[in-house]
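Each chain, written out:
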2 protein chains.
Amino acid sequence: MPKEETDENVIFIGNKPPMSYVLAVVTEFKRDNTSEVVIKARGRAISRAVDTAEIVRNRFVTDANVKEIIIGTESVTNDEGRTHNVSSIEIRLSTK
Amino acid sequence: MPKEETDENVIFIGNKPPMSYVLAVVTEFKRDNTSEVVIKARGRAISRAVDTAEIVRNRFVTDANVKEIIIGTESVTNDEGRTHNVSSIEIRLSTK
C-alpha cells in the first residue's frame, strides 16, 4: 500500500523539557530508517520546537538538515467558546 | 553606493509585547519603500518573532510573504563567564 500523507512522522511539541522531544524525534529517525521527521508546535512551544530541531541535528542525527520551515496562524476555541489566533510552526528535518 | 549587507532592515525581538515589534516592522516596510525586513530572535523570544511575522503579514502588510526562515544555535557567555547554547531564528519577510 502506498504511504499516505497521514502516515507522516510528526512529533508535536508540548510543555515537557526539550530533551523528551529530542528523544522522540531521534527514535522516529531510527524507526524503519525514516528519512524525514516533522516537528510541530503552537504558541509558546514554538521556541521549544526550534530547540528540539537544533539539538537533534547538532548532537544526535548530525546528517539531518532543515528541509523546510513553515509558519502559520491557527484559530483556537477555548472552553468558554471564545476564539483566538495562535501562531504555529512546522520544521521538517531530513537526512536525504 | 551599493547597499551593503549591514544596511539590512533587521528588527530584533525582545521581551516587549508583540505589537511593539509589529509596529517596528510595519514602519520599516514603509520607510523608503523597503521590500524586505528581517525579524531576528533568540531563545524564548522566538515564539514572539513568529507572532510578529504572522500579525504583520495577516493584518498590516498583506502583500508580504515569508521568503526564508533560518534557525540556528548561538553560544552566549553570561556575566559569570559561563557559556551556553541558545537557539535563534531569522524570518525574512518580502513584498517582492
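Colleague: Teacher, can you tell me more about the pattern of salt bridges here?
Modeller: Proximity of charged atoms lets side chains of opposite charge pair with each other. Applying the stated criterion across every chain yields a total of 14 salt bridges over all chains. For Arg92(A), the salt bridge identified is with Glu68(A), shortest N-O distance 3.7 Å. Here Glu68(A) lies in strand E3 (residues 65-77) and Arg92(A) lies in strand E4 (residues 83-94), a separation of 24 residues in the sequence. A salt bridge links Glu54(B) to Arg57(B); the nearest nitrogen and oxygen atoms lie 2.9 Å apart. Note that Glu54(B) and Arg57(B) are positioned in helix H2 (residues 45-60) at a spacing of 3 residues, about one turn of the helix. When its relative accessible area of 3% is taken as the criterion, Glu54(B) is described as buried. A relative accessible area of 21% means that Arg57(B) is categorised as partly exposed.

Colleague: How should I be thinking about helix H1 (residues 18-30) of chain A in this particular structure?
Modeller: Since there are 3.6 residues in each turn of an α-helix, residues three or four apart along the chain are aligned in direction. Residues and elements named next belong to chain A. Look at H1: 19 Å from first C-alpha to last across 13 residues, which is about the 18 Å you get at 1.5 Å a residue. Listed as buried for H1 are Tyr21, Val22, Val25, Val26, Glu28 and Phe29. Within H1, the buried residues cover an arc of 155° as seen down the axis, which keeps them to one side. Those residues of H1 that are exposed and aimed more than 90 degrees away from the buried face are Leu23 and Lys30.

Basis of the calculations
Residues numbered from 1 in each chain as written. Chains lettered and ligands numbered in written order. Predicted model: local features only at pLDDT ≥ 70, side-chain atom pairs only at ≥ 80, totals over all residues. Heavy atoms only, no water. Salt bridge = Lys/Arg side-chain N within 4 Å of Asp/Glu carboxyl O. Helix = DSSP H or I, 4+ residues; strand = E, 2+ residues; numbered from the N terminus. Buried < 20%, exposed > 50% of the residue type's maximum accessible area, 1.4 Å probe, protein only. Expected span 1.5 Å × (residues − 1). Arc of directions from axis to C-beta.

Just distances and angles here, no functional claims.
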